[in-house]
Amino acid sequence: MESREKSLPNEQASTCPDGGLLHIWPASSPSEQLCPERVLLSTPVLQVSLGEHHGLLLAQGGRVYSFGELSWRDLSIPVSAPVLEASLQEKIIVRVAAGGFHCGVLSEQGGVYMWGENTAGQCGLTDRGTQTNVAVSEPCPVSVVDSEVIPPALVRVTELACGREHSLALSANNELWAWGSGCQLGLVTNTFPVWRPQKVQHLAGKNVIQMACGAYHSLALVRSSSNKEHSAQNATKKKDVPPSFPCTVTEELMTASDAHYCPLGVELSAVTKTETSPRKKAQRFGPGGVSACSSPGSGGSSLLSSEESSSVKQELSAVTTVFEEHQTDTVAQIDFSSKSCLHSVWKSNKSSAPNYELEPQMVLEKLSGHSFYSQQHCSAEVGDTDSQSSHTSDDSFVSSTTSSDQFGSSYRDDSSGSGQMKNNSRQPWPYSSSPVCVEEVRLCLEKEKLTLKGQKSSSLTNIHQKGKAAQSRRRSHPGTPNRGSPQRRCPCACKSSSSLQAKAPEEAAVGLPSLETEVWSWGRGSEGQLGHGDQLPRLQPLCIKSLVGEEVIRVVAGSHHSLALTAQCQVLSWGSNMCGQLGHINSPVSVPQPLKLSEGLLVWDLAAGQSHSLFLADSDCVQPVLLYCGQQPERAPPQGPSLRQRSPNRAESYVLTPCVLQSCLKLGYISSVCSGGQSCSVLTEHETESFICAIHDLASAERRLYCWLSRVRNVLLTPLSNKERISPMLAEPGTGLFPSMCERFINLSALIGRHTASLSYFLQNIQGCDVTLLPLLSHTECFLDSYKKYFSALGDFHVMGGFQALHKLSHECLGPLHTLISRLSVSQQSGGGSDLDLVSTFYWPLQQLHQYSQALNKLAACYHVSTNEHQLLHHCCTQYESMSLSLLKMKKEAEATLQFWKTHSGKNTEALRLPQRRVVCESSNRTLTPSTAKRFSSHWFILFNDALVHTQFSTHRIYPLTCLWVKPLTEDGSGLHAIKITCPEESFTLVASTAEEKNKWLRYLNQAVDQVLGGAGQGSSPGVMGMTRTIVYTFTEDERFKDARYAGAWLAGRVHGRGTMTWPDGRTYTGNFKNGLEDGYGSCIMPNKLYNKNDYYQGQWKQGKIHGFGKYSYASGEVYEGCFFDGQRHGYGMLSSGKLVGTSSGVFIGQWAHDMKTGYGVYEDISRGEKHMGLWQEDQRQGSALVVTQCGVYYEGTFKENKMSGPGLLISEDDTVFHGDFCDDWTVNGKGVLSFPNGDCLDGVFSGEWSTGLKVAGVYTKQNLTQHENKKKRSLSQLGQYVVPAALRWICVFDECWGRLGCEGPGRGERQTAWENIAVTITSARRQSPDLSRSQSKALECLEFIPLYAEHINTANYDRMRRYLTKACETPHHPLGWLVETLVTAYRMTYVGVGSVHRLLRQAVQELQAYVTHLYSIIRFLFPGLPEDGGIIPEAPAAFSQSRTNANQAGYGDLVVSGCSLLLPLLLPRLYTPLFTLYCLPEDQEENHYWTCILQLNKHPDQTLLSSLEVHEKFWPRWMSILGEEKQIVSSSKDACFVSAVETLQQISSTFTPSDKLLVIQKTFEELTLEVKQILDDDVLWCMDDLFPLFLYVVVRARIKTLGAEVCLIEDLMDPNIQHGELGLMLTTLKACYFQIQQESAAQH
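Residues numbered from 1 in each chain as written. Predicted model: local features only at pLDDT ≥ 70, side-chain atom pairs only at ≥ 80, totals over all residues. Heavy atoms only, no water.

### Brief notes about the overall build of the chain
A count of helices and strands for the chain gives 39 helices and 63 strands. Within the span of the chain, comprising 1645 residues, buried residues form 53% of the whole. Taking the intrachain contacts of the chain between residues at least 6 apart in sequence as the baseline, contacts between residues at least 24 apart amount to 60%. Of the accessible surface of the chain, which amounts to about 71200 Å², a share of 51% is contributed by carbon and sulfur atoms. (Helix = DSSP H or I, 4+ residues; strand = E, 2+ residues; numbered from the N terminus. Buried < 20%, exposed > 50% of the residue type's maximum accessible area, 1.4 Å probe, protein only. Contact = heavy atoms within 4.5 Å. Areas by Shrake-Rupley, 256 points an atom, 1.4 Å probe, with all protein chains shown as cover.)

### So, the sheet that holds strand 40 (residues 987-992)
The strand order across the open sheet formed by 4 strands is 34-40-39-38, and the pairing between neighbours is antiparallel. Each edge of the open sheet is held by one strand with a lone partner, namely strand 34 (928-930) and strand 38 (965-968). Recorded for the sheet is a direction-independent mean angle of 30° between the axes of neighbouring strands. Against the sheet, helix 22 (residues 995-1012) touches strand 34, strand 38, strand 39 (977-982) and strand 40, its axis set at about 25° to strand 39. (Pairing = 2+ DSSP bridges. Axes fitted to C-alpha atoms, helices over the stretch in contact; angles between N-to-C directions.)

### Focus on the sheet that holds strand 31 (residues 669-676)
Sheet strands pair via backbone hydrogen bonds, and the direction of the pair is either parallel or antiparallel. With antiparallel pairing, 4 strands are arranged side by side in an open sheet as 2-1-32-31. Across the chains shown, the open sheet's two edge strands, defined by having one partner strand only, are strand 2 (37-38) and strand 31. Relative to strand 32 (residues 679-685), strand 31 runs antiparallel, the two being bridged by 7 bridges. If you follow Cys674 over to strand 32, its bridge partner there is Ser681.

### Quick look at the confidence of the model for the chain
Of all residues in the chain, 73% attain a pLDDT of 70 or more, and the chain-wide mean is 77. The model gives residues 227-445 a pLDDT under 50, and that stretch makes 464 contacts with residues more than four places away or in other chains. (pLDDT = per-residue confidence, 0-100.)

### Re a positive patch on the surface
Taken together, Arg1334, Lys1338, Arg1363 and Lys1367 make up a surface patch of like positive charges. Contributing elements (two or more residues each) for the positive patch: helix 26 (1334-1343) and helix 27 (1355-1370). Of note, Arg1363 is situated in helix 27. (Patch = residues over 30% accessible without salt bridge, like charges linked within 9 Å, V, L, I, M, F, W, Y side chains within 5 Å. Salt bridge = Lys/Arg side-chain N within 4 Å of Asp/Glu carboxyl O. Lys, Arg positive; Asp, Glu negative; His and termini not counted. Charge placed at Lys NZ, Arg CZ, Asp CG, Glu CD.)

### What to know about helix 32 (residues 1459-1480)
With 22 residues, helix 32 ought to run about 32 Å at 1.5 Å a step, yet its terminal C-alpha atoms sit only 25 Å apart, falling short of that. Most pronounced at Leu1471, the bend in helix 32 amounts to some 65°, and the proline Pro1474 follows within four residues. (Expected span 1.5 Å × (residues − 1). Bend = angle between axes of the 7 residues up to and from the residue.)

### Here we look at the pattern of salt bridges
Scanning the model with the defined rule gives 33 salt bridges in all. The salt bridge partner of Arg918 is Asp796, with a shortest N-O separation of 2.8 Å. Here the residue Arg918 occupies a position in the loop between helix 21 (907-910) and strand 33 (919-922), and Asp796 occupies one in helix 14 (residues 780-799), the gap between them amounting to 122 residues. Of the two residues examined, Arg918 and Asp796, each falls in the buried class. Between Asp1215 and Arg1399 there is a salt bridge; the shortest N-O distance is 2.4 Å. Taken together, the residues span a long stretch of sequence, with Asp1215 in the loop between strand 55 (1203-1211) and strand 56 (1217-1224) and Arg1399 in the loop between helix 28 (1375-1391) and helix 29 (1401-1422) at a distance of 184 residues. On the accessibility criterion, Arg1399 (9% relative accessible area) is buried. A cluster of three or more residues bridged by salt bridges with shared partners is formed by Asp146, Glu148, Glu175 and Lys199.

### Concerning the packing of aromatic side chains
One pass over the structure, following the stated rule, counts 61 aromatic pairs. Relative to Trp940, the ring of Phe900 lies with its centre 6.4 Å away and its plane at 40°, an arrangement referred to as tilted. Taken together, the residues span a long stretch of sequence, with Phe900 in helix 20 (residues 868-903) and Trp940 in strand 35 (residues 940-944) at a distance of 40 residues. The class for Phe900 is buried, based on a relative accessible area of 7%. Where Tyr1046 meets Phe1073, the ring centres are 5.2 Å apart and the plane angle is 85°; that geometry is what we call edge-to-face. Highlighted residues: Tyr1046 in strand 42 (residues 1045-1051) and Phe1073 in strand 44 (residues 1068-1074), separated in sequence by 27 residues. (Phe/Tyr/Trp six-rings, centres within 6.5 Å; stacked < 30°, edge-to-face > 60°.)

### Structural notes on the packing of helix 10 (residues 691-721) against helix 19 (residues 846-860)
Each pair of packed helices gets described by two things: the angle between the helix axes and the distance between those axes. Closest axis-to-axis distance for the helix 10/helix 19 pair is 9 Å, and the angle between their directions is 165°. For the element pair helix 10 / helix 19, the angle class is roughly antiparallel. In terms of crossing hand, the pair formed by helix 10 and helix 19 is left-handed. Residues Phe691, Ala694, Ile695, Asp697, Leu698, Ala701, Glu702 and Leu705 of helix 10 form the contact with helix 19, whose participating residues are Gln848, Tyr852, Ala855, Lys858 and Leu859. The residue makeup of the contact of helix 10 with helix 19, split by class, is 9 nonpolar, 1 polar and 3 charged. (Parallel < 35°, antiparallel > 145°, perpendicular 65-115°, else oblique. Left-handed = near helix turned anticlockwise from the far one by under 90°. Nonpolar A, V, L, I, M, F, W, Y, C, P; charged D, E, K, R; others polar.)

As C-alpha cells, then:
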C-alpha cells in the first residue's frame, strides 16, 4: 500500500511562499531546545488540524494533505513531506478537521467528507465505510439531511470538528449536528453508534457560533438569546480578581432545574446490545445499565440523596464485578489513595488564595507514594496509552479527580519500555486507563450521604439553597427537551438590575462577532472538563453559568481539558490539570479559572492538545509571542524558584504557568496556533514589512484599548453608576448626563470588543481574507457614529462640570481602590502624576481614530493607486482622520466653554448653561452694539453654537440660530460697520467697532448658522448661505400667527415654501406659503364649536385666503367642491347637503357669487323628489327654469322669489298638458288651456293646486282624430320655450377654464400665457400628487411640453393635435381635462336620477351641442391654425404627390373639420349612458311594436323569410361554411344566410359616436356586397329594388332592440357635412328598414 502513496507531490517545490508557512514540533520538546519542523509546500497553508498521531493541512487552492500515522492505510508519513489526498483534488475544500484517529473536510458547497477509523461511527455511514467496517481508507461523502422538513433537505455545513469517537458539524443555520458514539454527542438516543448525522435538539433554536471536540466531551459557543439577560453580570464582574468560591464547592457549583436530565445517564442501559466494534471487546456497561458516560464515583462534588446513593451503590457493585473480571490478568497492584489526596488538597485550599509555589509541591508530595501499573504490551511512546484508551475500556469508572490515562502517560517510567509494542501494532486487549477503587467509591458515597442527611430532594441541588442564588442554580441542568424546541430559559433573577448594562449596537454592527455569548458543554466529565463544578457526565448540552457574561469569543478542547478565550484577552481553563495544561493551580479545576499572565500579555489565539496548551499573545515585542504550558521532558533543575514541577518517580515534568517559547520568535509573524495529541503547530507569515504588520498593529492596539475600556467600566463606571449622589452635584439640565455618557461608553466599548474579535479571526485566516472585509471598511458608518455619539455625550458631561463632581465622588466612594483607579489614568501611564486625571482618561479613546487612519493608510500603500482596494482604503482613511479632527475640535470647544462658564459664573449666565451649548465668541469691550443703543447702555452679545444671546443688565434675549438670517450692510460713507440680523418677528442692526471685528463676527455667525443647519460649518458664502431653510418656530408677537407653531420652509426670515402651521385653537394648515401668507395648494383643519367637529378644506389659497378651486367639507355634513374667491364660494361649484342640515338633503351644481347661488344651476331635492334646472339669484330661484319630479311631472316656466310665477307649461305623466299662468309652486291661477291625452281640451280660467284639484270656468272642446294628431305635434313643439337656452348654461364652467388659461374672458388673453399656465399647472400637479401611477405620471410628463400651436394645421399635424387633445382631456390636471370632467359631472347631474324622463331628450341634445361649440372655441384659441366649424384642412405638402395618385382610391384629399367630428369622440364615451337612456325611454308604442315585429319575423327559416321579404332567388345562398366545412342550406335552415353582414350590423350597439355608427352601417353594406358577389360569381351593381330587401333581411336577423333610438341619435348628432352623402343615404336606408319591418309584420298578419 505504501507504494500507492506519494510522500511528496510534484507541486511541493523548493520555492518558499511569502505566507502560510507551517511549523510543527512535539509538545514534549524542551522549550530551550525547541526546533520546529518546517512543512515544505509551494503554496501557502491556510489551515492545519492535528489529531492524536496524524494531521491535516489545507493549502491554497483547496488542496488537502495528510501526514503522521495513517493507521487506516497502514502508512506513516513524515511531517516534512505530507501526502496529497488525491481523491479530493476535484473538489474545493475550505475546512479540515482531524479527530483522534479519523479525518474530516468541508467543501465549498458545504459538503462533508470523512475517512479514518470508524469503529464508533465517527466517520458516519458512508458509501465505502459501513457499519461493519473498522476503517474508511478514502474520503467519502457524509450526507447531513434535515428530515424534519418536508421534503427532507440537505444541510449546508460551515464548520466541522472531530473528537476521538464522535464528530460535530455546524450548519449554515447555526444548528449543531452530531454522529459517532458516546454521551459527547448530546443526542436524545440510547442506540450507539449513531451512523447518520443527527441534529442536537437541545441546541435547536439557538445560534451556535463555534464548537470544539475533546476526546470525550464537546463544547459549543452560543450567542445569548437575550442581550439583557446577562448584561448586568457582564458589567459587575471584576476581571482582575480571580473568582472566589464558597466553602462547599458542591453546594455552589452543582445546580439543577426542577425537571432535569439525570447526569448519570442511566437511560442508556440498552447500549450494551449494540456495541459490536472489534476494538471494544471490553464490556462498557454493567448489568446495572450504567452508561459509558457515567462516573458515579468521580469526585466528591456531586450531591445525591440517600435513595440515589443506595441505587448507585448497587449499580457500582454490579459494574465492579465486571470490571474485576477484565482486570484479573493485567492488574497487579493499584493504590487507591490518589483521589483522597487530591480531594483533601483541594478542600484545604477552597477558602484561601491560591499559592502558585507551594500548592503544586503539596500535590506532588501527596502523590509521591502512588504507583501506577503500566501494561506489559502497551506502547512506550508518550501519549500512546491515552490514545489507545479510546479504543479500549475507557468507559470504566473514574475514581480520580484527574483521569488515570493522564497519569499513565505523564508518570510512566521510561525504563519500563521493555517488551512494549509499537503503536501501529496495537491489539484490542482489555485495558483500563481509569482504574477504579470500589472501596473509595463506597467511602465517598457514605460521606455524601452524611452531608445530605435530612435532605429529601430528588434533584441534584441542595434544597437548603434559597433566595436569588437558588434561583440561579435551578438552571444548571437542562430539562428533558422536546424535539426541535429546546427548554425555554428563564431570566436570571440573581443579578443586580442597577448595574451597567452593555447595550452594544447589535443592529448597526451586523456581521461583527457577538460578545453576548454562552458556553455549553456535554459528554464525559470525569476530569471536570465540562466546567459545571463536578465530575458528572452530561447527556445533553448544558450552559456553563460561570461563563455567562464573560464575553467568550472562542473555545477549544484538549483531550480532557477545556479553554475559553474572552474578548478581554483573558483565558479561562478547566478540566484535567495533571500536566499543568490549565496554566494555573487554582481549585477546583471543574469550573473555569482565569490564567495569571504577565502584565502586557494579551492572548488572542489558543490551542489545546492532549496534555498541553498553547497561547498566542501580544506583548511589548513587535510581533506576537507564543506561550506554552503543560507536559515537558525532564531537564536540569533551575537555580531559583520556578513554577516548573516534576514528580520524583518519573522523568517528565510540566509547566504550571504559561512560559514564552523564545525560539519561536524567529519564525516570523505567527497568525494562528494549533495543537493535537502531543504535537504543536503554528502558521507564520514572512511578509513583515507592511500588510501583516499593519493588520497586527491595528489588532494589538484595539485589544489593548478594549482591555483598558473594560477595566474603566468595571473599576470606575460600574461602582459609580449605582450611586445617586452624582446627579445632584450637576446642574439641573445635566441630571441625566452621567448615565447617558456611561451608556455611550459601554456601546463604544462593546463595538471595540466585537472589532477586536473580528480582527483576531481576520489574522487567523489572513491568507484567505479580503482586505475589503475589514470591519473598519465594511462598518465605517457604525464606527464613526459610535465615536461621535460617545464624544458628544462626553463633551456635554464635561461642559456641565461633571468631571469635578465625578472626581470628588470617586475619592469618597472608591477610596480603597484609588490606587487601582489611578493606574487607569492616561497621565499616569505616560509618566505623569499619580493622581487620577478623569478628563484625559475618558478622552483617551479619541487617539484610536488616528490609529485607524494610520493603519488604513499603511494598508493602502500595499496596493496600486488604481485598484479598488486602494481607493476604498484611502476613502475610509480620510473619513476616520476627518472624524478624529472633528472630535478633537469638539473637545477644545468643550474645554473653552467650561472655562467660559467658570469665568462668567452667576445666576444670569447659569440660566444659559446647557449641556449641548458651546460658546463661539462674545462681545467684550463693546466690540459689538445695537445700532439703536444709547450712550450709557450696556449690551453684551454671546454667540453660542445654537443661539445668539443679547444680555442687557439683568435680562437677556435669546435668538436661536436656526431662525437667524445674517446679512452684511454695505458701507454708505457713514463709517458704520453694520450687520443686519433678521428674525421671524423682528429685525435689528448690529454695529462693530472695526472692520476686522465686523468680518470676524460675520464669519463666526455664518459658520455657526451653517453648522446648526447641518452644513460643514465653513461659512463659505457669508450673508448668502442659508437664505432658504426648513426649521420649526413658534410665533409670539405676530397678530395673525400668535402662539402658532410653524414647521416648514423659510426665506430670509419669512414663511415661504411648504410647511405646517398649527394654532392653539386647533387650526392646522399644511401647504404652501408665500411671503408669510398661505398661497398655493394647501389643506386646512378648522374646529367648528357649533357641531363639535372640524371643517376641512383642501385646495388653492391666495394671500392668506381661500382662493381658487378646492373642496370644503363642513362640520354640518355639507361638502362644497368648486371655486372660491377671497374666502367665499364664487364661480362654478357643487354643494352636497348632508344629513345634519334640516329635514331635507340635496345636491346643487351651478354658479355661485359671493357665497350664494347666482346664475344657472341644477338643484336636486332628494327628499321632495324634484329637480330644478334654471336660474338663481341670491340663493333663490329667479327666472326661467325647468322642473321635473319623481312622479313624471314636467314643468317649465318662470320663477320669482323662489316660487313659480307667470306663464308656464306643465305636462303630467299621462301626457295631460296645461299651458297657463302660475302663482305658486304647482298652483294655477289665471287663464290657461288644459289638453287631455285623447285630444280634448278645456280653455278658461283655472285656480287651485295641481295635485289636489283645479277649479275651472271655461269651454270644453272635443277633437277628432286628425285634429288630435296635429294638437299633439303642436304641444311637443312648445317644449323648451321657457327653459334657459343651452348656449347660456354652464357659462361659469367655461369661464373658469378661460381663467385657468389666464384669460379674462372667452378669447381675451395671450395665447403664449395660456400655454405657459398649462405647463405650470401640469408641473404643479406632478409635485403635489406623489401617489400618481406610472401611466399618469408619464402622461403628465408628455403634457408638460408645449406643442407647436402656432403652425398652420394640415392633415399631418392635425393628427398630432388630436392625440394631444385626447391625452389632455383624459388628465383632470390639464385645464381641458378639468373642463371635460366638470361638464360630464354637470351633464350626469342634470339628466340622471330624479326626473329622468324622455321629455328632457331635446334639452340633453342641445346641451351636448352647446358643449361642443364652447369647447371648440377654446381649442381654436389654443390652436389658431384650426379652421372654423365646417372648414377644410389642406393635405400635408410632403405627402401631396403620393396622395394625389391615391386620391381617387381613397375617396378624399383634403379634410373637412367640424366640432362634432373633433370633440364628440372625446365627449360621447363619457356621456353616452345618460344620453342614450333618454333616447330609449318609451315615447309611444312605436318602439314596442317594432320589437314585436322583429320577434315574429325571426321565427321563420331563412328561405321563408327571404321569400316573404321578396328577395330575388338569385341572391339566396345555397351553401354555408361551418368550421371550414361547406354545408347545404335547406328549407329548415335558420340564421345561416349573410352571417357576416348580420354580425357586422350588430356592432352598432357597441359604438358611441354617430361617425362610428355610420361606419358600421357602411361596413355592413360592404359585407353584404361581398357575400352576394360570392353567390353570383360576378361583380354586383346594386339597384334599390334588389338591395333594400336584402338589407331588410340583415336588419331583421341582427335583432337590434333599440334600433329606433340608434337611428334618432345618429340623425341628431351626425356631422352635417356628411348628411347628404353616401353615409347619409345608407342611414336613410336603415331608417326605411325600421319602418318597413313594422309594416311587414302587419302585412303578414
